[in-house]
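# Descriptive structure summary
Here are the chains, one letter per residue:
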Amino acid sequence: MFEGLKNNTISKLGVSRFLSQSLAQLETAGTPNKTPSGTSSNLAGTSIPEGKSAGATSPAPQNKALQNVKNEHPSMAFLQNRSISLVDMYIDNSEPSENVGQIHFSLEYDFQNTTLILRIIQGKELPAKDLSGTSDPYVRVTLLPDKKHRLETKIKRRTLNPRWNETFYFEGFPIQKLQSRVLHLHVFDYDRFSRDDSIGEVFLPLCQVDFSEKPSFWKALKPPAKDKCGELLTSLCYHPSNSILTLTLLKARNLKAKDINGKSDPYVKVWLQFGDKRIEKRKTAIFKCTLNPVFNDTFSFNVPWEKIRECSLDVMVMDFDNIGRNELIGRILLAGKNGSGASETKHWQDMITKPRQTIVQWHRLKPE
């Protein structure tokens, strides 16, 4: 029997179910925690000055919920009720690839009002993003997988060691629901005239947090994932005789996961551009729950020979979302001038120098 067990691989989901069943058998009879039904989750954020109390919560109403948290390890409670894929996606014990500073924050849970209280305290040793040798940092707060509701701290001007001391309240989150969420803190450098620069980010699965305490954390920021958006296989062909530019989107591989299930629902959106002016848009079909879609879709555009060196194709791989806004996974700009990279520019030039031939090439997707 043991030899048979050695040769069998128990899936993580199987382990989760086994733990759930075993723990259920061991539990003594008791009344389960009741949570309000039919109550929508409201996301609210407010700031309070440093040193002022946000309001004390009496310990009496916490009783059963608090006892459950104290007697069970939070991650064990999570395994009883949730898929392990969320933990797999966001638990990362590796060291940051470069030092981009640290962030100090604390968490508290109001059991009586089912409210998570987050306090963003300070940052230190942030990298300089401005020519002045400083940054203008602020923190964007999200409770994943909900990406629609984002809260932000105030911007702290010209500092690499900001002190925010701001408090945010996430209302209507029973403890079981909260344990399925991941706290995402993303530090940006504000730029008045261009896109804000990402400094670094932290992901904290809340199933790991012991809410019977009021934990405080110093977390090393991790630089935003670069060049991890995946790759796209495309082909280009130009026929000068009939002025037809043909783009074929063959397939993608190792796309970045955007959904809580560790997958994405990718499709590709293409814009034909002349200079900065968008002329014509095309889209592929949506491919559900995959990071390696096979598109095999061809788009043709009418481009006169005298304009072929002035135009470009902005190719965006998107993640479709039923509820929120569709998200960019990665993009490339295919152009003879100012392409998004050397390979994109070479691909376009090869198409021009070899008319009527189909030129196939892999491209690494860029995050922006």
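To start, this report covers the structure provided alongside it. (Residues numbered from 1 in each chain as written. Predicted model: local features only at pLDDT ≥ 70, side-chain atom pairs only at ≥ 80, totals over all residues. Heavy atoms only, no water.)

## Observations regarding the nonpolar core
To be explicit about the condition: Residues enter a nonpolar core if they are buried and are Ala, Val, Leu, Ile, Met, Phe, Trp, Tyr or Cys, with the set joined through side-chain atoms within 4.5 Å. Note on classification: 1.4 Å probe, protein chains only; a residue is buried when its accessible area is under 20% of the maximum for its type, exposed when over 50%, partly exposed between these limits. Each helix is a run of DSSP H or I of at least 4 residues and each strand a run of E of at least 2, with the numbering of both proceeding from the N terminus. Any pair of residues with heavy atoms lying within 4.5 Å of one another is described as a contacting pair.
Leu107, Leu118, Ile120, Val141, Leu183 and Phe211 are the most contacted members of the largest nonpolar core, which totals 31 residues. Every element with two or more residues in this core is listed here: β2 (102-110), β3 (115-124), β4 (137-144), β6 (163-171), α6 (175-178), β7 (182-189) and β8 (197-205). Sorting elements by how many residues they give to this core places β2 first, with four residues. Setting aside anything within four residues of it in sequence, one finds isoleucine 120 in contact with Ile103, His104, Phe105, Val139, Val141, Thr153, Trp164, Asn165, Glu166, Phe168 and Leu185. One finds Leu232, Val268, Ile308 and Leu313 within the second-largest nonpolar core, a separate group that totals 29 residues.

## Quick notes on the sheet that holds strand β16 (residues 327-335)
Think of a sheet as strands paired side by side through backbone hydrogen bonds, with each pair either parallel or antiparallel. To be explicit about the condition: Strands pair, by our definition, only if DSSP identifies at least two bridges between them. The convention used is that axes are lines fitted to C-alpha atoms, helices contributing only their stretch in contact, and that angles between N-to-C directions extend from 0 to 180 degrees.
An order of β13-β12-β15-β16 is seen for the four strands of this open sheet, with the pairing classed as antiparallel. The open sheet has two edge strands with one neighbour each: β13 (277-283) and β16. Between one strand axis and the next, the sheet turns through 20° on average, direction left out of account. Bridging between strand β15 (residues 311-319) and β16 involves eight bridges; their strand directions are antiparallel. When the bridges of β16 are listed, valine 315 appears paired with isoleucine 332. Strands in contact with helix α7 (residues 342-353) are β15 and β16; relative to β16, the strand with the most contacts, it is inclined by about 45°.

## Some details on the sheet that holds strand β17 (residues 359-364)
What the four strands build is an open sheet, ordered β14-β11-β10-β17; its pairing is antiparallel. The open sheet has two edge strands, β14 (294-302) and β17, and neither has a second partner. The sheet shows a mean angle of 20° between the axes of neighbouring strands, taken without regard to direction. Where strand β10 (residues 231-239) lies against strand β11 (residues 244-253), nine bridges are found, and the strand directions are antiparallel. Paired with leucine 236 across the strands is leucine 247, a residue of β11. On top of the sheet, α7 reaches β10, β11 and β17; it is set at about 170° to β17, its chief contact.

## Quick look at the pattern of salt bridges
The following threshold applies: Any carboxyl oxygen of Asp or Glu that lies within 4 Å of a side-chain nitrogen of Lys or Arg is treated as forming a salt bridge with it.
Considering all chains together, one arrives at 10 salt bridges under this definition. In this structure, arginine 253 and glutamate 231 form a salt bridge, with 2.9 Å as the shortest nitrogen-oxygen distance. Linking arginine 253 in strand β11 with glutamate 231 in strand β10, this pair joins segments that are 22 residues apart in sequence. Owing to a relative accessible area of 31%, arginine 253 belongs among the partly exposed residues under this scheme. Its salt-bridge partner being aspartate 350, residue lysine 346 comes within 2.9 Å of it at the nearest N-O pair. Separated by four residues within a single helix, lysine 346 and aspartate 350 lie in helix α7, roughly one turn from each other. According to the relative accessible area criterion, aspartate 350 is buried, its value standing at 16%. It is possible to trace a salt-bridge network through shared partners that takes in Arg278, Asp314 and Arg331.

## Quick look at unusual backbone geometry
Here leucine 144 and proline 145 are connected by a cis peptide whose omega angle stands at 10°. Turning to its location among the elements, proline 145 is positioned in the loop between β4 and β5 (151-152). The backbone of threonine 114 shows a phi angle near 45°, a positive value even though the residue is not glycine. By the secondary structure assignment, threonine 114 is in the loop between β2 and β3. Within the chain, asparagine 296 stands out as a residue other than glycine whose phi angle is a positive 45°. By secondary structure assignment, the location of asparagine 296 is in strand β14. By relative accessible area, asparagine 296 is classed as exposed at 54%.

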